[in-house]
Amino acid sequence: MRHYSRLRRIAGRAIMNPKWNGQFSRFDLVAKASDGMPSVVCAGGVEIGGADFVVMAGPCAVESERQLLQTAEAVAAAGARILRGGAYKPRSSPYAFQGLGLDGLKILSKARAETGLAIVTEVMGEEDVDLVAEYADLMQVGTRSMENYALLERLGGCGRPVLLKRGMTATLEEFLQSAQVIAMNGNPQIVLCERGIRTFETATRNTLDIAAVPVLKTVSRLPVIVDPSHAAGVRTLVPVLARAAAVVGADGLIVEVHPSPDQAMSDGAQSLTFRGFSDMMDDLQPYLDLRKAVQRPSPRLVAMGGMD
Ligand code: PEP
Ligand code: MN
């Protein structure tokens, strides 16, 4: 237990940077409330930002009913609570698979009916918001769309919570600014997702900005999850980045899983097999215990006002 209280002290010290409050306080609808209480976002009955570490998992893209249903059953059995799968895919190459569109949404909804998992899927354009909201429990905004203000504004009135991924070249200030746009348009139910940013490093697909998690948890009231798959770009790195996310206090993960990653139509190299995913979930447990220790506010810090 002694090292737990030391961890709390370290987490406490990290949140004492006076620069942040001034930098982020103008995003009042997403900033940390004066009572310090975090927001809990409810997606299809699953609470994100509460006590539980919520794992969302599934293929990058919905490819077929069989592929998605098999994956849904496997990830549910391993402990995932939300099924991911893109029906509309923002691909960098115009020649790459663009997704099944409406047919993909229908397959996702069948998987929800069969497994009880909630559904997260990407919406790329403002014109698709109403349609995607009919099928999704959580509306995903991808890294390439974080600054699509017409889309963000429409999501303000969509009636569903939003999973906002950090733009790959966005600062945390720009990230929170986008969250504020959704909130200003009527929707405070937002989950932030750190998915890696572009740096000079090429050994990984993106550079996971692990410090973004404690910074965002300090200055914002919104839940923060991590996408280790798009950060890593290779499946062997995904479990260790997932553990890192847990110990810095993330509220959950979004992870790519595929029945046969080498045949995947997108992002196979970073997708876990069913076995790889269930091993990752089993190995996470001790790190989730550490996460609880980091998240529990120390009475000393509260007395110092350090959690504001
Ligand atoms: C995805 O989740 O499959 C995806 C395209 O993610 P990102 O927008 O972070 O690249
Ligand atoms: Mn992907």
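Relevant structure appears above.
Because the structure is predicted, anything quoted here is derived from the model rather than measured.

**Q** I'd like to hear about the pattern of salt bridges, residue by residue, with values.
**A** It is possible for side chains of opposite charge to pair when their charged atoms get near one another. Scanning the model with the defined rule gives 13 salt bridges in all. Between E173 and R26 there is a salt bridge, and its shortest N-O distance comes to 2.5 Å. Of this pair, E173 sits in helix α7 (residues 172-184) while R26 sits in the loop between α2 (18-24) and β1 (41-43), and the two are 147 residues apart along the sequence. Given the relative accessible area of 22%, E173 is considered partly exposed.

**Q** So what's going on with the pairing of strand β8 (residues 190-194)? Which residues, and what values?
**A** Of all the 5 residues making up β8, 5 are buried; the element is thus mostly covered by neighbouring parts of the structure. Residues of β8 alternate between two faces, with I190, L192 and E194 on one and V191 and C193 on the opposite face, all of them buried. With 4 bridges connecting them, strand β7 (residues 162-165) and β8 associate as parallel partners. Among the inter-strand pairings, K165 is bridged to a residue of β8, identified as C193. As paired strands, β8 and strand β9 (residues 224-226) are joined by 3 bridges and run parallel to one another.

**Q** Report on the sheet that holds β8, specifying residues and quantitative values.
**A** Spatially, 8 strands are ordered β3-β4-β5-β6-β7-β8-β9-β10 in a closed barrel, and the strand pairing comes out parallel. Each adjacent strand pair in this sheet contributes to an overall mean axis angle of 25°, direction not counted. Strands β3 (54-58) and β4 (82-84) of the sheet are contacted by helix α3 (residues 65-77), whose axis makes an angle of about 145° with β4. The sheet strands contacting α7 are β7 and β8, and the helix crosses β8 at an angle near 160°.

**Q** Please provide a residue-by-residue account of the coordination of the manganese ion (ligand 2), values included.
**A** Around the manganese ion (ligand 2), the protein contributes the donor atoms C60 (SG), H230 (NE2), E256 (OE) and D267 (OD), which lie 2.1 to 2.4 Å from the metal centre. Each donor residue of the manganese ion (ligand 2) belongs to the same chain, and together they define the spacing C-x169-H-x25-E-x10-D. Of the two residues, H230 sits in helix α9 (residues 228-232) while E256 sits in strand β10 (residues 252-256), which places them 26 residues apart along the sequence. An identical accessibility class is assigned to H230 and E256; each is buried.

**Q** Describe the side chain of D128, with residues and values.
**A** Mapped onto the secondary structure, D128 falls in the loop between β5 (118-122) and α5 (129-135). Of the side chains with opposite charge, R154 lies nearest to the buried D128, which makes no salt bridge, at 9.3 Å. Other than its neighbours up to four places away in sequence, D128 contacts Y88 and V123.

Rules and cut-offs
- Residues numbered from 1 in each chain as written.
- Chains lettered and ligands numbered in written order.
- Predicted model: local features only at pLDDT ≥ 70, side-chain atom pairs only at ≥ 80, totals over all residues.
- Heavy atoms only, no water.
- Salt bridge = Lys/Arg side-chain N within 4 Å of Asp/Glu carboxyl O.
- Helix = DSSP H or I, 4+ residues; strand = E, 2+ residues; numbered from the N terminus.
- Buried < 20%, exposed > 50% of the residue type's maximum accessible area, 1.4 Å probe, protein only.
- Pairing = 2+ DSSP bridges.
- Axes fitted to C-alpha atoms, helices over the stretch in contact; angles between N-to-C directions.
- Contact = heavy atoms within 4.5 Å.
- Donors = N, O, S within 2.8 Å, 3.2 Å for Na, K, Ca; no water.
- Lys, Arg positive; Asp, Glu negative; His and termini not counted.

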